Amino acid sequence: MKNIDFKAYIAIARPDHWFKNGFMVLGILLAFFIEPQLIKTNCYLKVLLGIIVACLVASSNYVINEILDAPKDALHPTKKNRPIPSGRVYLPLAYAEWLILAVIGLSIAYKINMAFFLSALWLWVMGFFYNMPPFRTKDIPYLDVLTEAINNPIRLFLGWFVLIPNKIPPLSLVIAYWMAGAFFMAAKRFAEYRMINNPERAAKYRKSFAHYTEERLLISIFYYTIFCAFFLGIFIVRYHLELLLCVPLLAGFFAYYLKIAFRDNSPVQRPEHLYRETGLMLYLGVCFTAFVFLLFVKIPVLYKLFKIIPYNINPLWEF
């Protein structure tokens, strides 16, 4: 075995992808929305531990993904330079890294509470099914998108259960979050397929591309968007009508993201680099700020206008 390249082992854990655990934020905000008294409790250390768990478990999944994708990555124009296909990683050590990260993360999760532990275990198991043969759902058209996108609601559960372990979050929002993730994943597939620009080479790189075409991917993106909007609407009407005012902004964000997916060598292929898209990040900040503000306010005139009976939650502010 050659000298260990520690940077390569850190790279296959993809710490630059940890930003995806920001999807836990919705679960945390939702917990504060349903039980506002949590804001006054000393729960922030627990939330920090929860985020650490999510990062460790996700990194375990990234490591096995890197290991098992290496032969295919060697056929990709840019991914062939990753640590494993370029020969900078000793595979037995990589497998050990996969297991160690999972054991540490799940051990901490178990100390937090059982619901949180089961959610963290679910996140790890989904990484197993997504990457491992004979299951390897990432090779199955549409199931590849849906099984990776389900990490969105799992992260919502992590954010929720770290604060409220004895209740289930609203399932309408959970499903909407899943479909939002499917939209992002399908857009990533669409951008990858366009970048490779060769159906035969694309199918060698990713098996699901043997079925996909640009048209099929666009139709699936449309489907996931409608599905998301429908269940988001159920959540808004059932729990907090004020969020209706945020819908035009959210619709604009989806449209903006899809526009970026059409670019040549689109950054949508590499979500970890999207922070460089200044316009998209500013727009996301506006959407997030509006969503948080509207989540914690009450505007009674909306309920009179739409003839909706308000859900019995005490808001932070009322207008």
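Going by the structure above, here's the rest.
Let me begin by describing the structure that accompanies this report.

1. Quick notes on the overall build of the protein
And step 1. The helix and strand inventory of the protein stands at 13 helices and two strands.
And step 2. By the compact-globule yardstick of 20 Å for 319 residues, the protein fits well, its C-alpha radius of gyration being 21 Å.
And step 3. Overall size of the protein, expressed as C-alpha extent along the three principal axes, is 65 × 45 × 35 Å.
And step 4. Burial analysis of the protein (319 residues in total) assigns 50% to the buried set.

2. Things to note about a nonpolar patch on the surface
And step 1. Taken together, the side chains of I4, F6, Y90 and L93 define a hydrophobic patch exposed on the protein surface, amounting to about 380 Å² of accessible area.
And step 2. Mapped onto the elements, F6 comes out in helix 1 (residues 6–12).

3. A word on the environment of H76
And step 1. Mapped onto the fold, H76 is located in the loop between helix 3 (44–73) and helix 4 (91–112).
And step 2. Given the relative accessible area of 2%, H76 is considered buried.
And step 3. Separated by 125 residues in the primary sequence, H76 and R201 have C-alpha atoms spaced 8.7 Å apart.
And step 4. With residues near it in sequence (within four places) discarded, H76 still touches M195 and Y205.

4. Focus on the environment of R189
And step 1. Mapped onto the elements, R189 comes out in helix 8 (residues 171–196).
And step 2. Relative accessible area serves as the criterion here: at 1%, R189 is assigned to the buried category.
And step 3. For the pair formed by R189 and Y224, sequence separation is 35 residues and the distance between their alpha carbons is 14 Å.
And step 4. Ignoring any residue separated from it by four or fewer positions in sequence, one finds R189 in contact with Y130, D144, V145, E148, R206, F209 and L217.

5. Overview of the packing of aromatic side chains
And step 1. By the definition in use, this model includes 30 aromatic pairs.
And step 2. Residues Y223 and F227 carry aromatic rings whose centres are separated by 5.7 Å and whose planes lie at 90° to one another, so their mutual orientation is edge-to-face. Residue Y223 and its partner F227 are located together in helix 10 (residues 214–239), separated by four residues, close to a single helical turn.
And step 3. Relative accessible area serves as the criterion here: at 48%, Y223 is assigned to the partly exposed category.

6. Here we look at the nonpolar core
And step 1. F116, L163 and Y257 are the most contacted members of the largest nonpolar core, which has 102 residues in total.
And step 2. If one sorts the elements of this core by residue count, helix 8 sits on top with 16 residues.
And step 3. Excluding its chain neighbours within four sequence positions, the residues that come into contact with L163 are I28, A31, F32, L38, C43 and V47.

7. A look at the packing of helix 2 (residues 24–34) against helix 7 (residues 151–161)
And step 1. At a closest axis distance of 6 Å, the pairing of helix 2 and helix 7 adopts a crossing angle of 40°. On the basis of their axis angle, the class for helix 2 and helix 7 is oblique. Crossing handedness for the pair helix 2 and helix 7: right-handed. Judged by residue contacts, M24, L26, G27, I28, L30, A31 and I34 of helix 2 engage R155, L156, L158, G159 and W160 from helix 7.
And step 2. The residue makeup of the contact of helix 2 with helix 7, split by class, is nine nonpolar, two polar and one charged.

8. Describing the side chain of S172
And step 1. With respect to the element layout, S172 can be found in helix 8.
And step 2. Here S172 is in contact with F231, I234, F235 and Y239, once residues within four sequence places are set aside.

9. What to know about the pattern of salt bridges
And step 1. Here the structure, examined in full by the defined rule, presents eleven salt bridges.
And step 2. Between D5 and R88 there is a salt bridge, with its nearest N and O atoms 3.9 Å apart. Placement of the pair is D5 in the segment before helix 1 and R88 in the loop between helix 3 and helix 4, with a sequence separation of 83 residues.
And step 3. The class for D5 is partly exposed, based on a relative accessible area of 26%.
And step 4. Residue classification places R88 among the partly exposed residues on the basis of a relative accessible area of 39%.
And step 5. Close ionic contact of D144 with R189 constitutes a salt bridge, the shortest N to O distance being 3.0 Å. With a gap of 45 residues between them, D144 in helix 6 (residues 143–149) and R189 in helix 8 connect regions that are remote in the sequence.

Procedures and definitions
- Every chain's residues receive numbers from 1 upward, in the order its sequence appears when written.
- In keeping with the model being predicted, local features are shown solely for residues with a pLDDT of at least 70 and side-chain atom pairs are shown and tallied solely at 80 or more, while totals for entire chains, interfaces and linings include all residues.
- By convention in this description, side-chain values take in all heavy atoms of the structure and omit both hydrogens and water.
- To qualify as a helix, a DSSP run of H or I must reach at least 4 residues; to qualify as a strand, a run of E must reach at least 2; elements of each kind are numbered from the N terminus.
- For this measure, only C-alpha atoms enter the radius of gyration; the expected value for a globule follows 2.2 Å times N^0.38, where N is the number of residues.
- Classification of residues uses two cut-offs on accessible area relative to the type maximum, computed with a 1.4 Å probe and protein chains only: under 20% is buried, over 50% is exposed, and between them is partly exposed.
- Two joining distances apply to patches: 9 Å for like charges and 5 Å for nonpolar side chains (Val, Leu, Ile, Met, Phe, Trp, Tyr), and every residue must have over 30% relative accessible area and no salt bridge.
- Here the open area of atoms and residues is found with the Shrake-Rupley method and a 1.4 Å probe, where only the protein chains shown may cover a residue.
- Every case where a carboxyl oxygen of Asp or Glu lies within 4 Å of a side-chain nitrogen of Lys or Arg is listed as a salt bridge.
- Here a residue-residue contact requires only that any non-hydrogen atoms of the pair lie within 4.5 Å.
- Each Phe, Tyr or Trp ring (for Trp, its six-membered ring) is paired with any other whose centre lies within 6.5 Å, and the angle between the two planes then decides the class: stacked below 30 degrees, edge-to-face above 60, tilted in between.
- As used in this record, nonpolar core signifies buried Ala, Val, Leu, Ile, Met, Phe, Trp, Tyr and Cys residues forming a set joined through side-chain atoms within 4.5 Å.
- Note on definitions: angles span 0 to 180 degrees between N-to-C directions of axes, and those axes are lines fitted to C-alpha atoms, for helices only across the stretch in contact.
- For classification purposes, angles smaller than 35 degrees are called roughly parallel, those larger than 145 roughly antiparallel, those between 65 and 115 roughly perpendicular, and all remaining angles oblique.
- Left-handed describes a crossing in which the near helix is turned anticlockwise from the far one by less than a right angle; the clockwise case is right-handed.
- Gly falls in the polar group here, along with every residue not listed as nonpolar (Ala, Val, Leu, Ile, Met, Phe, Trp, Tyr, Cys, Pro) or charged (Asp, Glu, Lys, Arg).

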